[in-house]
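Chain residues, written in single-letter form:
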Amino acid sequence: MIPPQRENEITQPTELRDFFEWHQGIKYYGFWAIEVQHPLCLQQLKLCQQSIADTLHPHYLRQAHITLSASGLLDEKHFTASDLQQQIEALTQARIPAFSIFSSKPDTFTTAPYLSIKDPSNSLTSIRDQLHHVREGQDACEYIPHITLGFYNQAYSIPKLLNQLSALNIPAIEFMVKELVFARYNTHEIQGRYHVLHRIPLD
């Protein structure tokens, strides 16, 4: 069932270009995340991507992950090395225990489809609070844990896309989170891979 408020929604295509007006020449953007490596979850992601492949830009190379906090552009005016070190120390001292989360049904933002993530223990929110106590992130107002499938290449009917994705009957998969990572990607490559700079193992 499509919620009434979404019946007339359409996607917004993403331009594949260098957004200089955003990064102003700053080379990297940083973020805290959970890497997704569970084989069944990766299979689900691939199935969802294949089912709507004609609506997505090809060559989406960013590895499967759940963003915890979008730190921002990496330089001395935005997100600094000192900010990062303080966050690393805060997470290390917190001795966060490993926890489980669940992949859930496919859904979509206006710019990108995604696989939903359920967090029964509210561990993701707790970790975000610890990070943002040191330095606020550049996140959207509402935090929706998810795994991005790619970016739309044109405007499409969101109800039609949701019906198509829901027909896949994707089952929930539980997997353990045993590590947090801080990664960066090149701001010139909107669909490019990220590179992990720091790993924090959980207890």
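Residues numbered from 1 in each chain as written. Predicted model: local features only at pLDDT ≥ 70, side-chain atom pairs only at ≥ 80, totals over all residues. Heavy atoms only, no water.

1. Concerning the pattern of salt bridges
Phase 1: In total, this model carries six salt bridges according to the counting rule given.
Phase 2: With a shortest N-O distance of 3.3 Å, Arg 17 and Glu 15 are connected by a salt bridge.
Phase 3: A residue is classified by how much of its surface remains accessible, and Arg 17, at 32% relative accessible area, is partly exposed.
Phase 4: Residues Arg 95 and Asp 203 are paired through a salt bridge, measuring 3.2 Å at the closest nitrogen-oxygen approach. (Salt bridge = Lys/Arg side-chain N within 4 Å of Asp/Glu carboxyl O. Buried < 20%, exposed > 50% of the residue type's maximum accessible area, 1.4 Å probe, protein only.)

2. Thoughts on the side chain of Arg 128
Phase 1: Structurally, Arg 128 is set in helix α4 (residues 123-134).
Phase 2: Discounting residues that sit within four places of it in the chain, Arg 128 has contacts with Leu 68, Ser 69, Asp 139 and Tyr 143. (Helix = DSSP H or I, 4+ residues; strand = E, 2+ residues; numbered from the N terminus. Contact = heavy atoms within 4.5 Å.)

3. Comments concerning the side chain of Thr 55
Phase 1: Checked against the element boundaries, Thr 55 lands in the loop between α2 (39-51) and β2 (65-73).
Phase 2: A distance of 2.8 Å separates the side chain of Thr 55 from the backbone oxygen of Ile 52, its partner in a polar contact.
Phase 3: Those residues within four positions of Thr 55 in sequence are excluded, and the remaining contacts are Phe 151, Tyr 152, Asn 153, Gln 154, Tyr 156 and Leu 161. (Polar contact = N/O pair within 3.5 Å; in protein donor to acceptor, adjacent residues only side chain to side chain.)

4. Topic: the sheet that holds strand β4 (residues 113-118)
Phase 1: Pairing within the open sheet is antiparallel, and its four strands lie in the order β5-β4-β3-β6. Of all the strands in the sheet, just β5 (146-148) and β6 (173-177) have a single pairing partner and so form its edges. Between one strand axis and the next, the sheet turns by 35° as a mean value, whatever way the strands run.
Phase 2: By the bridge criterion, five bridges tie strand β3 (residues 99-108) to β6 in an arrangement that is antiparallel. Residue pairing across strands places Phe 102 opposite Glu 174, the latter belonging to β6. (Pairing = 2+ DSSP bridges. Axes fitted to C-alpha atoms, helices over the stretch in contact; angles between N-to-C directions.)

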